[in-house]
Amino acid sequence: MLLKINPQNPQKRQISRVVDIIKEGGIVAYPTDTFYGIGCDIMNKKAIEKIYAIKQRNKNKPFSFICPDLKDISQYAKVSNFAYRNMKRLLPGPYTFVLSGSKLVPKMMLTKRKTAGIRVPDNKIALAITNELGHPVISTSATHPDGQVFEDPSLLHDYFIKTIDVVIDGGPVPGSPSSVVSLIDDIPEIIRYGSGDVDVFE
């Protein structure tokens, strides 16, 4: 199903339809401030395993996930004063912050070091979904296994029609990756340079 949602003013009824699908273990493709993402409820192990299969990804590489706001992040990660100050200045935005995960995060969503990649994208549709769901949503780019990026939701829909339950058409997205910054032990480490300005960490 290809579902058109207004990117500036997401229709509550449409968001509720998407959230109902996620609650039933469904997989969705949705816009972010970087790429279109593929996601599900991080509390649904079967749905997460489906995304590993769709992405043909090794289970030793956990997916990052989206929270609706900074307050929500503190439930799922250990957020020091240093991390909070920096994230507050930059979020929502095109960043993935690597933090120590809390006990609320399922083990399969953590690295061996018990860390997690967390996003609060500057995209009203993605944030509305996580807000209404009440849980974070998996965030992995909607790409072909060879790395080809689908920036057009209709092409994404045509390719994933048998594996994704709903593709949201939320208009064009920037099409460049997030900057990934580790804030473990309050020592900033830039893991990937992307859309977000990381000068403050250098």
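In case you missed it, the structure is sitting above this.
Residues numbered from 1 in each chain as written. Predicted model: local features only at pLDDT ≥ 70, side-chain atom pairs only at ≥ 80, totals over all residues. Heavy atoms only, no water.

Student: Kindly report on the overall build of the protein, identifying the contributing residues and their values.
Tutor: The secondary structure content of the protein amounts to 6 helices and 10 strands. Radius of gyration (C-alpha) of the protein: 16 Å, near the 17 Å computed for a compact globule of 202 residues. The 202 residues of the protein split such that 53% are buried. For the protein, the proportion of contacts with a sequence separation of at least 24, taken over those separated by at least 6, is 64%. Between the averaged position of the 26 positive side-chain charges in the protein and that of its 21 negative side-chain charges there is a distance of 7 Å. (Helix = DSSP H or I, 4+ residues; strand = E, 2+ residues; numbered from the N terminus. Rg over C-alpha atoms; globule rule 2.2 N^0.38 Å. Buried < 20%, exposed > 50% of the residue type's maximum accessible area, 1.4 Å probe, protein only. Contact = heavy atoms within 4.5 Å. Lys, Arg positive; Asp, Glu negative; His and termini not counted. Charge placed at Lys NZ, Arg CZ, Asp CG, Glu CD.)

Student: An account of the packing of helix α1 (residues 12–23) against helix α5 (residues 124–133) is requested, with residue identities and associated values reported.
Tutor: The interhelical angle for the contact between α1 and α5, taken along N-to-C directions, is 60°, at an axis separation of 9 Å. In terms of their interaxial angle, α1 and α5 are classed as oblique. For the crossing formed where α1 meets α5, the hand is right-handed. Between α1 and α5, the contacting residues are K12, I15, S16, V18, V19, I22 and K23 on the first element and I125, A128, I129, E132 and L133 on the second. Its residues assigned to classes, the contact of α1 with α5 shows 8 nonpolar, 1 polar and 3 charged. (Axes fitted to C-alpha atoms, helices over the stretch in contact; angles between N-to-C directions. Parallel < 35°, antiparallel > 145°, perpendicular 65-115°, else oblique. Left-handed = near helix turned anticlockwise from the far one by under 90°. Nonpolar A, V, L, I, M, F, W, Y, C, P; charged D, E, K, R; others polar.)

Student: Quick rundown of the nonpolar core? Include the residues and the values.
Tutor: Formed by 45 residues in total, the largest nonpolar core has its most connected members in F65, I73, M87 and F97. Residue assignment for this core shows that the elements contributing at least two residues are β3 (36–39), α2 (45–55), α3 (70–76), α4 (81–90), β5 (95–100), β6 (115–119) and α6 (153–160). For this core, the leading source of residues is α2, giving 5 residues. With residues near it in sequence (within four places) discarded, F97 still touches M87, L90, L91, A116, G117, I118, V181, L183 and F201. (Core = buried A, V, L, I, M, F, W, Y, C linked by side-chain atoms within 4.5 Å.)

Student: Residue-level account of the side chain of K55, with values.
Tutor: One can find K55 in helix α2. Reaching out from K55, the side chain makes a polar contact with the backbone oxygen of S141 at a distance of 2.6 Å. For K55, the contacting residues outside a window of four places in its chain are F63, T140, S141 and T143. (Polar contact = N/O pair within 3.5 Å; in protein donor to acceptor, adjacent residues only side chain to side chain.)

Student: Describe in detail the packing of aromatic side chains, supporting the description with residues and values.
Tutor: Evaluated as defined, the whole model comprises 7 aromatic pairs. Measuring from centroid to centroid gives 4.5 Å for Y52 and F63, while their planes differ by 40°, and the two rings are tilted. With Y52 in helix α2 and F63 in the loop between α2 and β4 (64–66), this residue pair connects regions lying 11 residues apart in the sequence. Comparing Y52 with F63, the two get one shared label, buried. Measuring from ring centre to ring centre gives 4.8 Å for Y159 and F160, while their planes differ by 90°; the resulting arrangement is edge-to-face. The exposure class assigned to F160 is buried, which follows from its relative accessible area of 3%. Put simply, the rings of Y95, F97 and F201 pair up and form one aromatic cluster. (Phe/Tyr/Trp six-rings, centres within 6.5 Å; stacked < 30°, edge-to-face > 60°.)

Student: Requested: an account of the environment of V198, with residues and values cited.
Tutor: For V198, the position within the fold is in the segment after β10 (189–192). Taking the C-alpha atoms as reference, V198 lies 30 Å from D169; in sequence the two are 29 residues apart. Each residue touching V198, except ones within four places of it in the same chain, is listed here: Y95, S179, V181, I190 and Y193.

Student: Go over unusual backbone geometry, please, and point to the residues and values.
Tutor: P92 follows L91 through a cis peptide bond whose omega is -5°. Mapping P92 onto the fold places it in the loop between α4 and β5. You will see that D186, though not glycine, has its phi angle at about 60°, which is positive. Positionally, D186 belongs in the loop between β9 (179–182) and β10.

Student: Account for α4, naming residues and giving values.
Tutor: Every buried residue belonging to α4 is among A83, N86, M87 and L90, and all of these are buried. Projected onto a plane normal to the axis of α4, the buried residues spread over an arc of 95° and lie on a single side. Looking at α4, the residues exposed on the side facing more than 90 degrees away from the buried face are N81, R85, K88 and R89. Along its buried surface, α4 packs onto α3 and β5. (Arc of directions from axis to C-beta.)

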